[in-house]
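# Reading the structure
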Amino acid sequence: MAKGIREREFQNLMIQWSLPMGWAYTAGRSLPRKTTQTVVVSAIRDALLRFNPGVIDGFDVDAVVEEIVSTVNAVEGGLVRANEQVLRLLRGHQEFRDTDGAWHALKIIDFDHSTANTLVVSDEVTITVPGKTSRRLDLVYWVNGLPLVVVEVKSPTTKSSWADAAREINDVYVSEYPWFFTANVFAVASDGLKLRFGAAGAPTNLWQPFRSTADDENLSGQADVHRSVELLLNPATILDMLLNFALFDTSGGGVDMKYLPRYPQLEAAHLIHKRVLAGGSKGLVWHHQGSGKTLLMVFTASLLLADTRTESPTIVLLSDRTQLVRQTSGVFTSAMGDAYFHQPDTSQELRSLLANDVRGVISTTVHKFADAGANLSTRSNIIVMVDEAHRTQSAKAKSLAGKMRAALPNAKVFGMTGTPVRNLATDTFSLFGDQADPGRVLHRYSVSRSLLDEATVPVMLDPRPVSFEINAERLQAEFDQFADDFDLDDPDRELLSRKFGRLTSVFTNPDRIQAVCQDIVTHYLAGAYRNGLKAQIVAYNRELAVAYTNKINDLLSGFEALQVLAEVGKHDGISAEVNISVSDTKVEDPAMRPYRLSAVQEEEQKRRFLTPDNPMCFLVVTAKLMTGFDAPNEGVLYLDKPLKAHTLFQTITRPNRTWVSPNGFVKTSGVVVDYIGLAEEVQRAVVDPTSPETGKGGGFVTDLSELVTEFRTAFACIEDLLVDVDGLDLTVHGYESVRAINVFLDANAGAAEVFIKDYRLLARLYPLIHSDKRVAKYRDGFALFGSVYTTLFKKSSDEERKERLSELGPMVLEIINAHVHSFSVVTSQETPLILDAQGISVLKELLSLVRPKSENDSSDENTPSAAEILDQIKAALEKGVEPGSVKYTALAERIKQLRDRIIQNAQDALDFLSEALRIARVIVNAEKHPDETVIVLDDDRVGVLSRIIHDHAPSGLTITERNLAEEIDQVVTRALARTWDNADARNRGVRRATAAVYRRYTLKPVGEPYDSTVAYIEAHYLVD
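Residues numbered from 1 in each chain as written. Predicted model: local features only at pLDDT ≥ 70, side-chain atom pairs only at ≥ 80, totals over all residues. Heavy atoms only, no water.

### Considering helix 19 (residues 542–556)
- Counted at 1.5 Å a residue, the expected span for helix 19 with its 15 residues is 21 Å, and the 21 Å between its end C-alpha atoms agrees.
- Listing the buried residues of helix 19 in full gives Leu 544, Ala 545, Val 546, Tyr 548, Thr 549, Ile 552, Leu 555 and Leu 556.
- N-capping of helix 19 is provided by Asn 541, with a side-chain oxygen placed 3.3 Å from the backbone N of Glu 543. (Helix = DSSP H or I, 4+ residues; strand = E, 2+ residues; numbered from the N terminus. Expected span 1.5 Å × (residues − 1). Buried < 20%, exposed > 50% of the residue type's maximum accessible area, 1.4 Å probe, protein only. Polar contact = N/O pair within 3.5 Å; in protein donor to acceptor, adjacent residues only side chain to side chain.)

### Considering the packing of aromatic side chains
- Going through the model one piece at a time under the given rule, you end up with 20 aromatic pairs.
- Judged by centre distance (5.6 Å) and plane angle (20 degrees), the ring pair of Tyr 759 and Phe 782 falls under stacked. Remark: Phe 782 occurs in helix 27 (residues 779–794) and Tyr 759 occurs in helix 26 (residues 751–769); sequence separation between them is 23 residues.
- By relative accessible area, Tyr 759 is classed as buried at 2%.
- Judged by relative accessible area, Phe 782 falls into the buried class, the value being 2%.
- A network of ring pairs unites the aromatic residues Phe 711, Phe 715, Phe 755, Tyr 759, Tyr 778, Phe 782 and Phe 785 as a single cluster.
- Above the plane of the ring of Tyr 177 lies Lys 132, whose end atom (NZ or CZ) is 5.9 Å from the centre.
- The side chain of Arg 405 reaches across the aromatic face of Phe 432, ending 5.2 Å from its centre. (Phe/Tyr/Trp six-rings, centres within 6.5 Å; stacked < 30°, edge-to-face > 60°. Lys NZ or Arg CZ within 6 Å of the ring centre and 35° of its normal.)

### Here we look at the sheet that holds strand 16 (residues 412–417)
- Spatial ordering of the open sheet is given by 13-14-12-15-16-11-17, a layout of 7 strands whose pairing is parallel. Strands at the two margins of the open sheet, each flanked by one partner only, are strand 13 (341–342) and strand 17 (443–445).
- The pairing of strand 13 with strand 14 (residues 360–365) spans 2 bridges and is classified as parallel. Looking at strand 14, one finds that Phe 341 is bridged to Val 361.
- Those strands touched by helix 9 (residues 293–306) are strand 11 (282–287), strand 12 (314–319), strand 14, strand 15 (382–387) and strand 16, and its axis lies near 170 degrees from that of strand 15. (Pairing = 2+ DSSP bridges. Contact = heavy atoms within 4.5 Å. Axes fitted to C-alpha atoms, helices over the stretch in contact; angles between N-to-C directions.)

### What about the pattern of salt bridges?
- This structure, assessed with the given rule, holds 26 salt bridges.
- With a closest N to O distance of 2.6 Å, Asp 215 and Arg 227 form a salt bridge. You can see Asp 215 sitting in the loop between strand 8 (195–198) and helix 6 (221–232) and its partner Arg 227 sitting in helix 6, a full 12 residues away along the chain.
- Looking at Asp 215, the relative accessible area reads 19%, which means it is buried.
- Taking the shortest distance from any N to any O, the salt bridge between Glu 604 and Arg 608 comes out at 3.7 Å. Here the residue Glu 604 and the residue Arg 608 both occupy positions in helix 21 (residues 599–610), the gap between them amounting to 4 residues, near one helical turn.
- One salt-bridge network, in which partners are shared between bridges, spans Glu 577, Glu 604, Arg 607 and Arg 608. (Salt bridge = Lys/Arg side-chain N within 4 Å of Asp/Glu carboxyl O.)

### Topic: the sheet that holds strand 7 (residues 186–190)
- What the 6 strands build is an open sheet, ordered 1-4-5-6-7-8; its pairing is mixed. Of all the strands in the sheet, just strand 1 (24–25) and strand 8 have a single pairing partner and so form its edges.
- As paired strands, strand 6 (residues 146–153) and strand 7 are joined by 5 bridges and run parallel to one another. Of the residues in strand 7, the one forming a bridge with Glu 152 is Ala 189.

### Structural notes on the environment of Lys 368
- Along the chain, the position of Lys 368 falls in the loop between strand 14 and strand 15.
- Taking relative accessible area as the criterion, Lys 368 reaches 17% and is therefore assigned buried.

### Re the packing of helix 3 (residues 61–72) against helix 4 (residues 79–90)
- Axis separation between helix 3 and helix 4 bottoms out at 9 Å; the angle between their running directions is 150 degrees. On the basis of the axis angle, helix 3 is roughly antiparallel to helix 4. Between helix 3 and helix 4, the residues in contact are Ile 68, Thr 71 and Val 72 and Gln 85, Val 86 and Leu 89, respectively.
- Considered class by class, the residues forming the contact of helix 3 with helix 4 number 4 nonpolar, 2 polar and no charged. (Parallel < 35°, antiparallel > 145°, perpendicular 65-115°, else oblique. Nonpolar A, V, L, I, M, F, W, Y, C, P; charged D, E, K, R; others polar.)

### Let's talk about the pairing of strand 7
- Counting buried residues along strand 7, 5 of its 5 residues qualify, which places the element largely inside the surrounding structure.
- Of the two faces of strand 7, the one lined by Phe 186, Val 188 and Ser 190 and the one lined by Ala 187 and Ala 189 are each fully buried.
- Following the chain from strand 6 across helix 5 (residues 162–176) to the adjacent parallel strand 7, one finds a crossover that is right-handed.
- Pairing geometry for strand 7 and strand 8, over 4 bridges, is antiparallel. Paired with Ala 189 across the bridge in strand 8 is Arg 196.
- What sits between strand 7 and strand 8 in their antiparallel hairpin is a turn of 4 residues, with Gly 192 showing a positive phi close to 90 degrees. (Right-handed = clockwise from strand over helix to strand, strands pointing away.)

### Comments concerning the pairing of strand 5 (residues 135–143)
- In terms of burial, strand 5 is largely enclosed, as 7 of its 9 residues are buried.
- Taken together, the 8 bridges between strand 4 (residues 119–127) and strand 5 define a ladder with antiparallel strand orientation. Within strand 5, the position partnered with Ile 127 by the bridge is Arg 135.
- Sheet topology places strand 5 next to strand 6; 5 bridges connect them, and they run antiparallel. Residue pairing in the sheet places Val 143 in a bridge with Leu 146 of strand 6.
- Remark: 2 residues form the turn of the hairpin made by strand 5 and strand 6, two consecutive strands paired antiparallel; Asn 144 in that turn has positive phi of roughly 55 degrees.

### Section: the side chain of Asp 123
- Relative to the elements of secondary structure, Asp 123 occurs in strand 4.
- Among the residues examined, Asp 123 registers a relative accessible area of 3% and is labelled buried.
- Here the side chain of Asp 123 touches Tyr 25 through a polar contact of 2.9 Å, side chain to side chain.
- Not counting chain neighbours up to four residues away, the residues in contact with Asp 123 comprise Arg 8, Gln 11, Asn 12, Ile 15, Tyr 25, Thr 26, Ala 27, Gly 28, Leu 137, Asp 138 and Leu 139.

### Points about the packing of helix 2 (residues 41–51) against helix 3
- Interhelical geometry of helix 2 versus helix 3 gives an angle of 125 degrees and a closest axis separation of 10 Å. Classified by the angle between their axes, helix 2 and helix 3 sit oblique to one another. The two elements helix 2 and helix 3 meet at a crossing, and its hand is right-handed. Contacts from Val 41, Ile 44, Arg 45, Leu 48 and Leu 49 in helix 2 reach Val 61, Asp 62, Val 64, Val 65, Ile 68 and Val 69 in helix 3.
- Residue composition of the contact of helix 2 with helix 3, grouped by class: 9 nonpolar, no polar and 2 charged. (Left-handed = near helix turned anticlockwise from the far one by under 90°.)

### Describing helix 2
- When helix 2 is considered as a whole, its buried residues turn out to be Ala 43, Ile 44, Ala 47, Leu 48 and Phe 51. Down the axis of helix 2, the sector holding all buried residues measures 140 degrees, keeping them to one side.
- For helix 2, the elements touching its buried residues are helix 3 and strand 6. (Arc of directions from axis to C-beta.)

### Looking at the side chain of Asn 144
- Within the fold, Asn 144 resides in the loop between strand 5 and strand 6.
- The class of Asn 144 is buried, set by a relative accessible area of 0%.
- Within the structure, the side chain of Asn 144 is placed 3.0 Å from the side chain of Asn 117, a separation counted as a polar contact.
- What Asn 144 contacts, discounting residues up to four positions off in sequence, is Ala 43, Ile 44, Ala 47, Arg 50, Phe 51, Ile 108, Ile 109, Asn 117 and Thr 118.

The values are spatial; any link to function lies outside them.
Put into structure tokens, the structure is as follows:
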């Protein structure tokens, strides 16, 4: 592979960072191995002799080396199984027969003293075999001649990213030379700005950063990569991963998997292990919901069971829900085997296991301790790990948790949670936290770190409360008449009022069910479905879960839904299914019995939901699967049930798992659509009780309104910064505007740094909110700022370019995609954008929004600002007619009346808009008939309505009417830009476009203000 000098320099830099950790450098071409060999045979032989004194004398050493090499080179069962077998050998778990026929385990690696091993880092390591293309690996880290780590790097100054490096490892090296990776602990990919590690051959979405929770979260760029190298490529870390943390799932029944720990899992597992060895009795592990607590328990149990100092412990994995037990059991059974694994079916079986001192892992629920009694087992090497430690855990003796503690009085208890609760009834910190730990937390992996590491994605809260109207007096009168007719006394009336006056009556209203389900289907098909994501719906109760499922399936089989499915082309039909708790008792509601699922049926349902191509796209629940259900491909959760505290917290984190679709779509955020209005309750639910800023949200749930506000604030900061730039109009995106801003930034010390900081915030926010109508007015200005940022980037030093390079491309692409998307949305109701000559011309115009025009482009006029235009209108009025004339008075008075108008309701707002349209039409017509009225402007006839609204809108005019006015002016812009065959075609086209705008604002395209809109638009280009 051809390499640029910068890539080679970064490669050398990684070698320099590795030397102080004990690695010795040997060039790949100087290694004592043939290019066809996977290992350095002489180094393996030397390790066997050094680490097995006395024992090795009874062996034919060369025969042992040959057996090791043969094992390393065998990949018939697939790479994951081969890797498992070789790592088992390297851990010293494989025995060899000596010359006398006796079997012995031989040490190949010294895990207790990492630097006692032969540690070599090599660059440009060639691997080849006759008939295959020779390949050259960037860096290989050898331990006793075994290639434990492979590194692929990319230049920080090219388009290639760490993901390209990872794909090269997977698609080229692993694919063509799998035997070189049978001894691999992990692979590393870096572009100099980011570093990720993962199991060789694993999808790139499973590759993770490696950092430390003790480090500054703001560490980035080359400093972040340097720190990752120090932590991850330290020989002690590599050997720790090999010995304790590389686990496998090769039990059959699915795809073979290799599990590697995220750095917080590794840190927490070691802290629990250390506390157990020190005789500590408890600890609280607080990791953000969705960041992998189940695997943390697997890694911790593996670490504890492998250490002889723990004296063969019993590890109890405690859950409060059966499905969590099954989930945990599946991971343990596949990753560790079932020799030490027990899953009691009954309370009696659990009591028997503990009373008989069975060692290994016991996975059970807290409910099975209900009749356990006191002092069931008094051993101190029982270690209880409680999943979701905030639930059913109480200090009260009569609680289930209290009975568990009474049964195992000397057990060491560790709580795993992403939702710690602190209240009088349940205090997670008091129950599990050691007083010596800061904030009573043994290990903490925060929301912010989880998002920074891309271990989880942010959740956007989209509030859509369902409003309804009620005539209370009329309702009461009808109820009283009803009661009178049936001669009901006051107690009967009160009973009926309480029974039917509950929230249930509102939720079960057929009109509300129709409205909510229609909104769910429309929202899902417009967004999440197109990206392959699936949806979960939380309904108020079981009956509504069934009703929603039926209604959604009806809507999904309707004409509008089928049109979307045909357009996307994934499925002929999609469906919703319900998952609710239904008992098999005699008292169960007969209407619910058809929805009872067996354990096998439920697992099959979840499998179909987790399968991207399966047409089951909606899962409707009311209590089950709101917690403890990991569905990475869940993109949106529709919440139509009042929830509080930790239940709400866990429910809204369902969409926060990372996911990459089979066709490469990367999930960057989840969405919670809230029909209840739980924004304030959400903020309370995500509070960090140990944070010095208690009371603020946890940082992963964001109300879109907050993002819009943050965007507007940052935009205003840049506006304030540029307020002294002469003649600048943020709606004009051209060379002169970019040049004017650059001149200003160059002339004012520190201004460029301020601009860059604020723009980078805008660029991070814009992809999340660009479709929100409230930011439409900022798009031109944002595109202009993007062009300025591009010019600043070009002038940056190499170091600055390295820091900004990874952000620049996505920012520009987001701007382009947003404009293409917006254009498509506008035209999709009429004529789709086709890539013919006219379509290519449109795309070129969109591209120009993020590229400054050349100096030779003289077509870009410096358009006056809105204030200047209105001043010109006033001046033209005063100049063109006598101030006292009827003509002047009428027009000036109409403008004045607009300014003074009071908006009290929606109809007032529409009336105001109609009047503004009529005034705008008069102004536009002024140029065509200068002898009848005044000449307003020479060259600017577009945007008159927006400018009138901008300067004369009274308080009370909502953003909706303002946006509608802006879109009307956009219709003018597009109409002026088009070439029409004839006047009739032009008129039909403008009416279709205008009608489309009105439909988007749920206004009827008839009457006012629609008629005035058409008249205003036609005034711009009708030729008399």
